[in-house]
Amino acid sequence: MKLSIIIPTFNEEKYLPALLESIKRQDFDDYEVIVADAGSQDRTREIAQEWGCKVVDGGMPAVGRNHGTEKARGDYLLFLDSDVILTRDYLESCVYEFQERELGIAITQITPLSDTFLDKVTHDFANFFMKRVENIKPHGAGCYGIITTKKLHKEVGGFDEDLDFGEDTDYIERIGAISQFRVLRTPKLLVSTRRVQEEGLRNVAFKYAKSTFYQFRGRQITAEDLDYTFGHPNQKRILYSVCGEGMGHAIRAKVVLNHLTQNNEVHIFASDRAYDYLVNHFDNVYEIGGFNTVYEDNTVQNTKTFIKGMKDLPGDLKKSLRLMYSVAKAVKPHIIISDFEFYSNLLSKIMRLPLISLDNMHVLTQAELNVPRNYRTERLAAESVVRSFIQLPTRCLITSYFYPPLKNKKKCKYFPPVLRDEIMNLEPYNGEHVLVYQTSDSNLKMLELLKNFDDEFIVYGFHKDKKEGNLLFKKFNETEFFQDLAHARAVISNGGFTLISEALYLGKPVLSVPVKGQFEQILNALYLDRLGYGEFHEELDREIIENFFDNLDEYRYNIQHYFAHDKNQAILDELDRIIDKCKA
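The rules behind each value
Residues numbered from 1 in each chain as written. Predicted model: local features only at pLDDT ≥ 70, side-chain atom pairs only at ≥ 80, totals over all residues. Heavy atoms only, no water. Pairing = 2+ DSSP bridges. Helix = DSSP H or I, 4+ residues; strand = E, 2+ residues; numbered from the N terminus. Axes fitted to C-alpha atoms, helices over the stretch in contact; angles between N-to-C directions. Contact = heavy atoms within 4.5 Å. Buried < 20%, exposed > 50% of the residue type's maximum accessible area, 1.4 Å probe, protein only. Salt bridge = Lys/Arg side-chain N within 4 Å of Asp/Glu carboxyl O. Expected span 1.5 Å × (residues − 1). Arc of directions from axis to C-beta. Core = buried A, V, L, I, M, F, W, Y, C linked by side-chain atoms within 4.5 Å. Parallel < 35°, antiparallel > 145°, perpendicular 65-115°, else oblique. Left-handed = near helix turned anticlockwise from the far one by under 90°. Nonpolar A, V, L, I, M, F, W, Y, C, P; charged D, E, K, R; others polar.

1. Notes on the sheet that holds strand E8 (residues 181-191)
As summarised here, the arrangement of the 8 strands in space is E3-E2-E1-E4-E7-E6-E8-E5, forming an open sheet in which the pairing is mixed. A strand with exactly one partner marks an edge of an open sheet, and here the two such strands are strand E3 (54-57) and strand E5 (84-86). Averaged over all adjacent pairs, the angle separating strand axes in this sheet is 30°, with direction ignored. Packed on one face of the sheet, helix H4 (residues 90-100) meets strand E1 (3-9), strand E2 (31-37), strand E4 (76-79), E5, strand E6 (105-112), strand E7 (146-149) and E8 and runs near 175° to E8.

Below, the structure is given as structure tokens:
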């Protein structure tokens, strides 16, 4: 194959069809089209597939062009912006002139998709300027179309993905330094004037004049220097960061993100299981490092957890913070929202951005808790972790099913637990089985105890599909889990906030055995017991389980009359209010 056409996109359903139509009309046919999409929320990907394009994951323009090149089969590479249109015989004349003049890299001339005199004059001047300086300094931008060879692309290492502006000029300069650069005389591109229409000719002209001045002096300019943004200028831009420990943070984040992504441009950072979960549901999801707790025999191993965290921290810090910072510089977010994620806290301080903490963890530090003294050590350790993860957030939105008095009511506010639609749409009833869920697969003593009962137990958390007497083990499957939870007569679990909240919404009493040393779970279980929604025990025996079963009707009554939920409306409304107040 001779030519690979690579087009980076982001929400381009309005412009992409015209470009693909103009490519199809060309007489030259020895080409492929690769669309590198940065997670469009419209029909961009579907349109590209309908036109027979190869679609790959993109990102910022440099990332998209590099990803496209990785899949390219052509000897020559043509990089086009998605809002241009090819003139008649563009491909044939472009390839012919490029080969005839024995060039290494080239750009083409541009004509505006506008009939106004001012647009025509400014674009004619741009063409004139590019031709005048081509012997002095290789220079150009993606809107001019960039043609080069795959060999030279590999030789210079592709586009510099650390640059958030001027990556195209930098690319041209690096290839121009080892080969011949020229502005092609015959082919011309029809280019969109949408940015001029959005920002005004004076602002756009100033930005590009400033960038050209910097680049001719050998200085790199950033998107921040130019107040240049990617995506839709009328949308609020949000960075949303999620802790990857367990699944509770990810499940809550998915509900909130389903709402936020409807009207905002959201870029998501997550680690471990949260990344694996969210990347299948959203675009613009980036993987970062995270901290994980080490469990043994249903007990938190604080020393091993600390050693593992310190071992991973230097590498994770450099990689994660660099990624988040580069995205933030390009996107220029208005706000950062963190679901107990550490690096977003650092980023908010570096970039001086509002930080909204949305989680259930801050009840540990922001509420006046009534906790027995024998948990003092675990409580102090947990509070120190929460304070180190998120420092001085602008606002603290705390999700909870228990509401001890807050220390700072102006800054912090309670909301009912965030529940997914799949849970709220279930039709629960009290069946025969008891659902057992363990966040740690090390609690083997409990399983042996349950085998002594006549009751049927459906067990999740041990990563296997197997029946052992009255225990039916299941690997996690959302659809099956929802039904098993909805039809259970009770739940036996650790002290995980998400499962307890979902069980209470469905009217299921909970017997909670928190992971030892995990104070957040202990606190959840303590208040569960005090509210009469179930029981808290550090260890189980036959008498405890029998007593729990004997009191299920009382616990169901308390849940029905005292557990309140608003189907997530209050917290989503509050987020909308906070985001609307952010300065554009």
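2. Describing the sheet that holds strand E18 (residues 434-437)
Strand pairing in a sheet relies on backbone hydrogen bonds, with the paired strands running either antiparallel or parallel. Ordered by their spatial adjacency, 7 strands build an open sheet running E20-E21-E19-E18-E22-E23-E24, and the pairing between neighbours is mixed. The two strands at the open ends of the sheet, each matched to only one other strand, are strand E20 (466-468) and strand E24 (534-536). Direction aside, neighbouring strands of the sheet carry axes that sit 15° apart on average. Relative to strand E21 (residues 471-474), strand E19 (residues 457-460) runs parallel, the two sharing 4 bridges.

3. Let's talk about the pairing of E19
Judged by which residues are buried, E19 turns out to be covered on both faces: Phe-457 and Val-459 on one side and Ile-458 and Tyr-460 on the other are all buried. Sheet topology note: the E18/E19 ladder contains 4 bridges and is parallel. Residue pairing in the sheet places Val-436 in a bridge with Val-459 of E19.

4. So, the pattern of salt bridges
Applying the stated criterion across every chain, the model contains 28 salt bridges. The shortest N-O distance in the salt bridge between Asp-339 and Arg-252 comes to 2.8 Å. Highlighted residues: Asp-339 in strand E14 (residues 335-339) and Arg-252 in helix H11 (residues 248-260), separated in sequence by 87 residues. By the burial criterion, Asp-339 is buried, and Arg-252 matches it. For Glu-468, the salt bridge identified is with Lys-451, shortest N-O distance 3.2 Å. Taken together, the positions of Glu-468 in strand E20 and Lys-451 in the loop between helix H18 (444-450) and E19 put the pair 17 residues apart, joining distant regions of the chain. With a relative accessible area of 32%, Lys-451 lands in the partly exposed category.

5. Quick look at helix H24 (residues 569-581)
Its 13 residues place the ends of H24 19 Å apart at the C-alpha level, agreeing with the 18 Å of an ideal helix rising 1.5 Å per residue. Among all positions of H24, only Ile-571, Leu-572, Glu-574, Leu-575, Ile-578 and Ile-579 are buried. Around the axis of H24, the buried residues are gathered within 160° of arc, so they sit on the same side. Exposed residues on H24 whose side chains face more than 90 degrees from its buried face are Asp-580 and Lys-581.

6. Some thoughts on the nonpolar core
Core analysis: the biggest nonpolar cluster contains 65 residues, and Val-363, Leu-485 and Leu-523 have the highest contact counts within it. Looking at this core element by element, the count peaks at 7 residues for helix H21 (residues 519-530). Residues in contact with Leu-523, not counting those within four places in the same chain, are Val-363, Leu-364, Leu-369, Val-371 and Phe-402. Ala-36, Tyr-76, Val-95 and Leu-184 belong to the second largest nonpolar core, which has 52 residues in total.

7. Some points on the pairing of E8
Pairing geometry for E5 and E8, over 3 bridges, is antiparallel. Counted as the bridge partner of Leu-86 is Leu-189 from E8. With 7 bridges joining them, E6 and E8 adopt parallel strand pairing. Across the sheet, the residue bridging to Ala-106 is Arg-182, located in E8.

8. Structural notes on the packing of H11 against H24
Look at H11 against H24: their axes get within 11 Å of each other, and the N-to-C directions meet at 50°. Our classification of the angle between H11 and H24 gives oblique. Every pair of crossing elements has a handedness; the one defined by H11 and H24 is right-handed. Along its contact with H11, which presents Val-256, His-259 and Leu-260, the element H24 presents Leu-572, Leu-575, Asp-576 and Ile-579. Residue composition of the contact of H11 with H24, by class: 5 nonpolar, 1 polar and 1 charged.

9. Here we look at the packing of helix H20 (residues 497-505) against H21
Each pair of packed helices can be summarised by the angle the axes make with each other and by the distance between the axes. It is at 10 Å that the axes of H20 and H21 come closest, and there the two elements cross at 25°. By the angle between their directions, the pair H20 and H21 is classed as roughly parallel. From H20, Phe-497, Ile-500 and Leu-504 reach across to H21, where they touch Glu-520, Asn-524 and Leu-528.

10. Concerning helix H1 (residues 16-24)
Those residues of H1 lying buried are Leu-16, Leu-19, Leu-20, Ser-22 and Ile-23. Each buried residue of H1 lies within a common arc of 160° when the element is viewed along its axis, so the set occupies one face. In this structure, the buried side of H1 is in contact with E1, E2, helix H2 (44-50), E5 and H4.

11. Some points on unusual backbone geometry
Even without a glycine there, the phi angle at Glu-102 is positive, about 55°. Relative to the elements of secondary structure, Glu-102 occurs in the loop between H4 and E6. What makes Glu-102 exposed here is its relative accessible area of 68%. In this model, Asn-568 sits at a positive phi of 75°, which is unusual for a non-glycine residue. Here Asn-568 is to be found in the loop between helix H23 (552-562) and H24.

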